[in-house]
Amino acid sequence: MGITPFFIFYESSLNDNISKRLISNFTIVTLIIFTYQTYDGVIYRINNFSDFLNIADNTGYLLVSWILFRMLLKKNFINFIFITFAYVLILISLKRGAIIIATIIYIV
C-alpha cells in the first residue's frame, strides 16, 4: 500500500507527463511533512509510553515510498543527502519491515 503511488509517478515520468522538477518539488515538500510526522511520533512515544523504543509508527513505510520517488531523479550529491536523511528517519520510526526494505534500497 505504501508504494502504490510510486507506479503512477513512474509511469508518468516515463511518458514525460510529469517533469523531473515537479517530482523534485513534490518530494521535498513531502519530506518536510514526513519529518514532522516522525518528530511528532517520537514525541508521542516519549510522552505516552515514557520510552522511545516501546512502539513504532508507520511513517517508515511512507518514507520507503518517498525514497523510491526520489530515485526517479538523476543521481547527484543532494539526492544522496535527501535519501540518507530519509533512511535515518526510517531507522527512527522503528518499523522492522520498512528498515529491511530501506536498507536494500539504500544499498542498491
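Refer to the structure printed above.
If you're wondering where the values come from, they're calculated on a predicted model, not measured in any experiment. (Residues numbered from 1 in each chain as written. Predicted model: local features only at pLDDT ≥ 70, side-chain atom pairs only at ≥ 80, totals over all residues. Heavy atoms only, no water.)

Participant: Account for the overall build of the protein, naming residues and giving values.
Facilitator: The number of helices and strands found in the protein is five helices and zero strands. Scanning the protein from its N terminus toward the C terminus, one meets helices and strands in the order α-α-α-α-α. Here the protein, with 108 residues, has 35% of them falling under the buried criterion. For the protein, the share of sequence-separated contacts (at least 6 apart) that also reach a separation of at least 24 residues comes to 63%. Accessible surface, the protein as shown: approximately 7000 Å² in total, 69% of it carbon and sulfur. (Helix = DSSP H or I, 4+ residues; strand = E, 2+ residues; numbered from the N terminus. Buried < 20%, exposed > 50% of the residue type's maximum accessible area, 1.4 Å probe, protein only. Contact = heavy atoms within 4.5 Å. Areas by Shrake-Rupley, 256 points an atom, 1.4 Å probe, with all protein chains shown as cover.)

Participant: Break down helix α3 (residues 59–70) for me, citing the residues and quoting the values.
Facilitator: For α3, with twelve residues, the first-to-last C-alpha span of 16 Å sits near the 16 Å given by 1.5 Å per residue. Within α3, ten of the twelve residues are buried, which leaves the element mostly enclosed by the surrounding structure. Of all the positions in α3, only Thr59, Gly60, Leu63, Val64, Ser65, Trp66, Ile67, Leu68, Phe69 and Arg70 are classed as buried. (Expected span 1.5 Å × (residues − 1).)

Participant: Residues and numbers for the packing of helix α2 (residues 20–49) against helix α4 (residues 77–93), please.
Facilitator: One can describe the packing of α2 onto α4 by two numbers: an axis separation of 10 Å at closest approach and a directional angle of 25°. It follows from the interaxial angle that α2 and α4 lie roughly parallel. The two elements α2 and α4 cross, and the hand of that crossing is left-handed. Of α4, the residues touching α2 (which contributes Ile28, Leu31, Thr35, Thr38, Val42 and Arg45) are Phe82, Phe85, Ala86, Leu89, Ile92 and Ser93. Of the residues in the contact of α2 with α4, the class split is eight nonpolar, three polar and one charged. (Axes fitted to C-alpha atoms, helices over the stretch in contact; angles between N-to-C directions. Parallel < 35°, antiparallel > 145°, perpendicular 65-115°, else oblique. Left-handed = near helix turned anticlockwise from the far one by under 90°. Nonpolar A, V, L, I, M, F, W, Y, C, P; charged D, E, K, R; others polar.)

Participant: Which residues make up the nonpolar core, and what values do they have?
Facilitator: One finds Leu31, Leu63, Val64, Trp66, Ile67, Ala86 and Ile90 to be the most contacted residues of the largest nonpolar core, which totals 15 residues. Elements represented by at least two residues in this core include exactly α2, α3, α4 and α5 (96–107). Those residues in contact with Leu31 that lie beyond four places of it in its chain are Leu63, Trp66, Phe82, Phe85, Ala86 and Leu89. (Core = buried A, V, L, I, M, F, W, Y, C linked by side-chain atoms within 4.5 Å.)

Participant: Explain the packing of aromatic side chains to me, and be specific about the residues and the numbers.
Facilitator: One pair of aromatic rings is described through two measures. These are the centre distance and the angle between the planes. Under the definition given, this model contains two aromatic pairs. Taking 6.2 Å as the distance between ring centres and 25° as the angle between the ring planes, the aromatic pair formed by Phe80 and Tyr106 counts as stacked. You can see Phe80 sitting in helix α4 and its partner Tyr106 sitting in helix α5, a full 26 residues away along the chain. Taking relative accessible area as the criterion, Phe80 reaches 47% and is therefore assigned partly exposed. Measuring from centroid to centroid gives 4.8 Å for Tyr87 and Tyr106, while their planes differ by 10°, and the two rings are stacked. Separated by 19 residues along the polypeptide, Tyr87 in helix α4 and Tyr106 in helix α5 bring together distant segments of the chain. (Phe/Tyr/Trp six-rings, centres within 6.5 Å; stacked < 30°, edge-to-face > 60°.)

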